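# Understanding the architecture of this molecule
The residues making up each chain are set out below.
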Amino acid sequence: MNIHGDITDELSGDGMIIIDGRDVALVPYSLTLSPEAGPLIAEGSISGPEPLMRRVKQAGAVKLALEDGPVLTIRCEGGRSGTRWVKALKT
């Protein structure tokens, strides 16, 4: 699936958080696709229980398997109270 080829520039749904190769939890996400092809694919937010969000922030290798879509590497950029701002990057 080429997500830059899709008509929509907004992606949302429930995705699986994968930390160090293991499925951890299903979380809601809302992402906006980057307007240009490059290392940044999309940015937006994920939400979940604060202990899980802290774990996502501290983990070295975190991926988000989009609902009916690709698996993206994500990097936390901040957030609190169960929400984290993330960037989805090419691996």
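Analysis parameters
- Along each chain, numbering runs from 1 in the same order as the chain's sequence is written.
- In keeping with the predicted nature of the model, local features appear solely for residues at pLDDT of at least 70, side-chain atom pairs appear and are counted solely at 80 or more, and the whole-chain, interface and lining totals rest on all residues.
- Calculation of side-chain values draws on the structure's entire complement of heavy atoms; hydrogens and water are dropped beforehand.
- At least two DSSP bridges between two strands are required for those strands to pair.
- The secondary structure listing takes helices from DSSP runs of H or I that are at least 4 residues long and strands from runs of E that are at least 2 residues long, numbered from the N terminus.

A few words on the pairing of strand β3 (residues 40–47). The pairing of strand β2 (residues 22–33) with β3 spans 5 bridges and is antiparallel. In the sheet register, L33 faces β3, and the bridge partner there is A42. Adjacent in sequence and paired antiparallel, β2 and β3 are bridged by 6 residues. Here β3 runs beside strand β6 (residues 83–89); their pairing, made up of 7 bridges, is antiparallel. Considered in β6, the bridge of S45 is made with W85.

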